[in-house]
Amino acid sequence: MKALVIGYGSIGMRHAHVLGALGHDVAVVSRRDIDHANHYQTIEFAVQAFAPEYIVVASRTVEHRRDIAELSRTGFCGKLLIEKPVYDTGSDNPPEGFDTVKVAFNLRFHPALLRFREIVAVRAVSAVTVYAGSYLPDWRPSSDFRKGYSAIRAEGGGVLRDLSHELDYVLWLFGPWRRVTAIGGTFGNLGIDSDDVFSVIMETEKVPSVTLNMNYLDSKVRRDVTALTDKGSVRLDLAAGTVETDDGVETFATERNDTYRAQHEAMASGNDAIICGISEGLQVMRLIDACEHAAGTGSWVVA
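Each chain has its residues counted from 1, running along the sequence as written. Owing to the predicted nature of the model, reporting of local features is limited to residues with pLDDT of at least 70; listing and counting of side-chain atom pairs is limited to 80 or more, with chain, interface and lining totals taken over all residues. Heavy atoms from the whole structure form the basis of all side-chain values; hydrogens and water molecules are not counted.

1. Thoughts on the nonpolar core
So, point 1. Core analysis: the largest hydrophobic core is formed by 75 residues, its most contacted members being L71, F116, V128, Y169, F174, V180 and M214.
So, point 2. The greatest single-element share of this core, amounting to nine residues, is contributed by helix 8 (residues 278-297).
So, point 3. What F174 contacts, discounting residues up to four positions off in sequence, is F116, V120, V125, V128, T204, E205, K206 and V207.
So, point 4. Judged by nonpolar contacts, the second largest core, of 17 residues, contains V26, A104, F109 and M267. By convention a nonpolar core is built from buried Ala, Val, Leu, Ile, Met, Phe, Trp, Tyr and Cys residues, the set being connected through side-chain atoms within 4.5 Å. The buried label applies to any residue whose accessible area, calculated with a 1.4 Å probe on protein chains only, is under 20% of its type's maximum; exposed applies above 50%, and partly exposed to all values in between. By the criteria applied, helices consist of DSSP H or I runs no shorter than four residues and strands consist of E runs no shorter than two, each listed in order from the N terminus. The criterion used for residue contact is that any of the two residues' heavy atoms lie within 4.5 Å.

Put into structure tokens, the structure is as follows:
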């Protein structure tokens, strides 16, 4: 398949590498002078000259809306995968005119998360606690983290968007959110202006109490979920790849690119049972907007 990746930062490079390893013919759009054999400066020229069947929007979050609109103007109507989150703000105007539109919440393909989902699906869940923390300066040690989009609010940075995987899989596992409140902002001393901490409390369709804590400040990488159920607690550790119940611990070996590979294979095959649909991706955007409003006003927001 002819695949075009828009944007060639760290995530765009990963998508291009994985697609190439899968045997696809890959081209890249970037305004920068980059080291890629098939490189175009503009979306319009890339679509005309390369004629892609599949496009990945992996530009900066703040550029997504513009890039998708430009794609529409070119007449491209194939498969579209948008890196998470869909937009920097707002949840209106879903992309139209494409054969397929999906959102790249690749953690849905993590085998430990899939096993956790299988277990909690047949249990009554009373409460869920989610934690996602790591140290932003450690993400890309070779570059100045303060210049990356994660550190810059105006470019769509901040933990609420960077770690929106957690928002997505909570809704995927436990149903749409009903009401939410939150506290968040720039609380650490990293010298950035995006939010480095967010704490969220919400009620979903299936669970009366869900708490999420996300940050850029934890010196140890942690990404875990605990569900309290009618048949005992279930613990998911995404960093270790384990799922623990009263019956023991299951371990799932996985490499970082495995979830990206599975996501692209799902797009290529049309098997969309797991991959995030655009309506679900926009529901995450509505939750992000609600969390920010709640944090700014000290109130509960009802869906």
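Read on for the rest.
2. Observations concerning the sheet that holds strand 9 (residues 197-204)
So, point 1. The pairing criterion for strands is at least two bridges between them, as found by DSSP. Strands sit in the order 14-13-12-11-7-10-9-8-16 across an open sheet of nine strands; the sheet is mixed. What marks the edges here is a single partner per strand, and that holds for strand 14 (248-251) and strand 16 (301-302).
So, point 2. Sheet analysis places strand 9 next to strand 10 (residues 209-215), joined by six bridges and oriented antiparallel. Bridge pairing links V200 to L212 in strand 10.
So, point 3. Angles shown run from 0 to 180 degrees and are taken between the N-to-C directions of axes, each axis being a line fitted to C-alpha atoms and, for helices, limited to the stretch in contact. Relative to the sheet, helix 8 contacts strand 8 (177-185), strand 9 and strand 16, its axis offset from that of strand 8 by approximately 55 degrees.

3. Details of unusual backbone geometry
Most of the time, phi is negative for any residue but glycine, and the peptide bond is trans.
So, point 1. Residues K84 and P85 are joined by a peptide bond in cis, for which omega reads -15 degrees.
So, point 2. Within the fold, P85 resides in the loop between strand 5 (79-83) and strand 6 (100-104).

4. Thoughts on helix 8
So, point 1. A helix's residues, less one, multiplied by 1.5 Å, set its expected span. If you check helix 8, its first and last C-alpha atoms are 29 Å apart, about what 20 residues at 1.5 Å a residue would give, namely 28 Å.
So, point 2. Three or more residues of helix 8 are buried, namely I278, G281, L282, Q283, V284, M285, L287, I288, A290, C291, E292 and A294.
So, point 3. G298, located one to two residues past helix 8, shows a positive phi value of around 65 degrees.

5. As for the pattern of salt bridges
Think of it this way: side chains of opposite charge can pair up when their charged atoms draw near.
So, point 1. Any carboxyl oxygen of Asp or Glu that lies within 4 Å of a side-chain nitrogen of Lys or Arg is treated as forming a salt bridge with it. What the rule picks out here adds up to 17 salt bridges.
So, point 2. Notably, a salt bridge pairs K102 with D272, separated by 3.3 Å at the nearest N-O pair. Taken together, the positions of K102 in strand 6 and D272 in the loop between helix 7 (256-269) and strand 15 (276-277) put the pair 170 residues apart, joining distant regions of the chain.
So, point 3. For E166, the salt bridge identified is with R223, shortest N-O distance 2.7 Å. In this pair, E166 sits in helix 6 (residues 164-174) while R223 sits in strand 11 (residues 217-229), placing the two residues 57 residues apart along the sequence.
So, point 4. Within this structure, R153, R161, D195 and E292 form a network of salt bridges that share partners.

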